[in-house]
Number of protein chains: 6
Amino acid sequence: MPYVNIKVTGGSEAPTTEQKSALIQGVTELLQRVLNKNPETTVVVIDEIPMENWGIGGKAVIERRKQK
Amino acid sequence: MPYVNIKVTGGSEAPTTEQKSALIQGVTELLQRVLNKNPETTVVVIDEIPMENWGIGGKAVIERRKQK
Amino acid sequence: MPYVNIKVTGGSEAPTTEQKSALIQGVTELLQRVLNKNPETTVVVIDEIPMENWGIGGKAVIERRKQK
Amino acid sequence: MPYVNIKVTGGSEAPTTEQKSALIQGVTELLQRVLNKNPETTVVVIDEIPMENWGIGGKAVIERRKQK
Amino acid sequence: MPYVNIKVTGGSEAPTTEQKSALIQGVTELLQRVLNKNPETTVVVIDEIPMENWGIGGKAVIERRKQK
Amino acid sequence: MPYVNIKVTGGSEAPTTEQKSALIQGVTELLQRVLNKNPETTVVVIDEIPMENWGIGGKAVIERRKQK
């Protein structure tokens with residue numbers, strides 16, 4: 001019955017369909033292994049956040065990427 | 001003053017504008033009826049999640065739909 | 001498969017166990033009626049927020065309650 | 001290490017890139033000033049919600065805007 | 001820079017400190033392996049939800065546990 | 001109408017009532033100044049996360065604090 005929300009940067013950094021499936025499968029297995037949670041009712045939601053909507057260190061990621 | 005977040009699958013399964021209005025009205029009335037919450041300050045946010053970003057049972061919904 | 005998160009004030013305003021059950025049942029039925037969602041995989045999470053942790057109008061709810 | 005999520009209406013009301021940067025910088029500084037949190041590990045995520053997906057007072061914002 | 005939120009039932013079903021550490025480590029490694037995300041800026045937040053605040057199938061988990 | 005959720009570490013690092021009020025007031029003013037949002041309908045929710053439930057760099061904060 002766990003609920004997992006994964007937020008990552010989207011746009012040019014967005015995960016592929018295969019990578020999303022790997023995240024869903026991996027985190028579901030992790031919850032089964034560590035907490036014995038039933039995979040059938042484990043829900044995973046992946047949010048892709050535009051790089052101008054994600055900030056760290058007081059700056060949007062899109063600006064940080066430019067500076068590197 | 002309640003805050004409600006409803007996540008449903010989007011894309012070809014996305015709710016229509018009328019259905020979204022029905023969800024907003026229905027959940028606001030529910031909170032008024034059960035908890036006597038003031039509808040004027042009840043906030044509802046609906047998120048439509050792409051079917052490849054939503055997982056259950058260790059698989060993305062888009063894969064599950066294909067298997068049926 | 002919908003996921004619903006309901007945040008309400010806790011403490012002296014916290015819903016009773018019966019009220020929580022009514023919210024869970026009510027919102028699950030709403031999603032079935034409006035969007036034909038399967039109740040068996042509809043997940044509802046209720047968060048009770050302390051009144052000093054909830055703000056509206058620039059003030060914590062606990063201060064607003066005192067002023068009335 | 002704080003995590004901040006800001007949800008605002010999108011579409012024609014969406015913030016510009018400059019406004020998003022100002023929100024990220026402003027809330028990061030606020031957490032540093034009030035709680036002495038390290039800006040380097042303060043994460044901010046801005047969600048732009050379509051006006052038909054946001055409800056208040058039992059109605060979608062898009063309907064409320066029309067009535068004014 | 002990913003942000004992960006894991007919600008599980010609390011109370012008598014709450015994870016131990018060791019299990020929480022295993023979840024944090026496991027999901028951080030998963031994001032590094034699948035998406036090459038930097039572990040140093042991967043944030044994980046675990047929420048323990050009281051069993052009367054979590055619903056599935058239209059009923060609170062605490063009721064479902066009793067029926068078994 | 002914005003909704004803001006601020007997550008910080010709790011326990012011995014939890015903000016005081018005065019600090020919570022300063023966060024609520026500060027972020028409400030920020031949204032008014034940057035986006036001209038109406039303070040009356042700006043909602044802020046602060047979550048205090050136990051240090052063993054918050055992870056960064058693959059470790060729970062409570063472990064990181066001990067190592068320093």
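With an unreviewed UniProt entry as reference, chain A is termed Tautomerase, source organism Frederiksenia canicola. In UniProt, chain A has this text filed under Sequence similarities (unreviewed entry): "Belongs to the 4-oxalocrotonate tautomerase family."

Let's shift gears to the UniProt feature "active site" (unreviewed entry) in chain A. Annotation from UniProt places "active site" (unreviewed entry) at Pro-2 of chain A. Take Pro-2 of chain A: it is sitting in the segment before strand S1 (3–9). Given the relative accessible area of 1%, Pro-2 of chain A is considered buried. Leave out the neighbours within four places in its chain, and Pro-2 of chain A touches Leu-31, Lys-37, Thr-41, Thr-42 and Val-43 of chain A together with Lys-7, Val-8 and Trp-54 of chain E.

Right, let's get into the sheet that holds strand S2 (residues 43–49) of chain A. The strand order S4(B)-S3(B)-S2(A)-S1(A)-S1(E)-S2(E)-S3(F)-S4(F) describes an open sheet built from eight strands, whose pairing is mixed. The open sheet has two free edges, formed respectively by strand S4 (59–60) of chain B together with strand S4 (59–60) of chain F, since each of these has just one partner strand. As paired elements, strand S3 (residues 54–56) of chain B and S4 of chain B share two bridges and run antiparallel to each other. Residue pairing in the sheet places Gly-55 of chain B in a bridge with Ala-60 of chain B of S4 of chain B. Lying on the sheet, helix H1 (residues 17–35) of chain A is in contact with S1 and S2 of chain A, S3 and S4 of chain B together with strand S1 (3–9) of chain E; it crosses S2 of chain A at an angle near 140°. Those strands touched by helix H1 (residues 17–35) of chain E are S1 of chain A, S1 and strand S2 (43–49) of chain E together with strand S3 (54–56) and S4 of chain F, and its axis lies near 140° from that of S2 of chain E.

The next thing to look at is the relation of the copies chain E and chain C. After a rotation of 120° and a shift along the axis of 0.0 Å, chain E superposes on chain C with an RMSD of 0.0 Å. This pairing of chains is accounted for by a three-fold axis. Closest to the rotation axis within chain E is the C-alpha of Asp-47 of chain E, separated from it by 5.9 Å.

Glancing now at helix H1 (residues 17–35) of chain C. Along an α-helix, residues three or four positions apart point the same way, because every turn accommodates 3.6 residues. Residues and elements named next belong to chain C. An ideal rise of 1.5 Å per residue puts 27 Å on 19 residues; H1 measures up with 27 Å between its terminal C-alpha atoms. Residues Lys-20, Ser-21, Leu-23, Ile-24, Gly-26, Val-27, Thr-28, Leu-30, Leu-31, Val-34 and Leu-35 constitute the buried set of H1. Phi turns positive, to about 60°, at Asn-36, one or two residues after H1.

On to the interface of chain E and chain C, then. At the junction of the two partners, chain E supplies 13 residues and chain C supplies 16 residues. Carbon and sulfur atoms supply 48% of the area that chain E and chain C bury against each other, a total of about 1,100 Å² over both sides. Of all residues in chain E, Glu-52, Asn-53 and Gly-58 of chain E give up the largest surface area on contact with chain C, accounting jointly for 43% of the area buried on that side. Where chain E packs against chain C, one counts one salt bridge. The salt bridge partner of Glu-52 of chain E is Lys-20 of chain C, with a shortest N-O separation of 2.6 Å. The tally of links from chain E across to chain C stands at nine residue pairs in polar contact (both at pLDDT 80 or more). Among the secondary structure elements, those contributing two or more residues to the side of chain E that touches chain C are strand S3 (54–56), strand S4 (59–60) and helix H2 (61–67) of chain E. The dominant element in the side of chain E that touches chain C, judged by the number of residues it contributes, is S3 of chain E, at three residues. Split by residue class, the side of chain E that touches chain C holds four nonpolar, four polar and five charged.

How each quantity is defined
- Residues numbered from 1 in each chain as written.
- Chains lettered and ligands numbered in written order.
- Predicted model: local features only at pLDDT ≥ 70, side-chain atom pairs only at ≥ 80, totals over all residues.
- Heavy atoms only, no water.
- UniProt positions renumbered as here; feature names shortened; annotations may be inferred.
- Helix = DSSP H or I, 4+ residues; strand = E, 2+ residues; numbered from the N terminus.
- Buried < 20%, exposed > 50% of the residue type's maximum accessible area, 1.4 Å probe, protein only.
- Contact = heavy atoms within 4.5 Å.
- Pairing = 2+ DSSP bridges.
- Axes fitted to C-alpha atoms, helices over the stretch in contact; angles between N-to-C directions.
- Least-squares fit on C-alpha atoms with pLDDT ≥ 70 in both.
- Expected span 1.5 Å × (residues − 1).
- Buried area = accessible area lost by both parts, 1.4 Å probe.
- Salt bridge = Lys/Arg side-chain N within 4 Å of Asp/Glu carboxyl O.
- Polar contact = N/O pair within 3.5 Å; in protein donor to acceptor, adjacent residues only side chain to side chain.
- Nonpolar A, V, L, I, M, F, W, Y, C, P; charged D, E, K, R; others polar.

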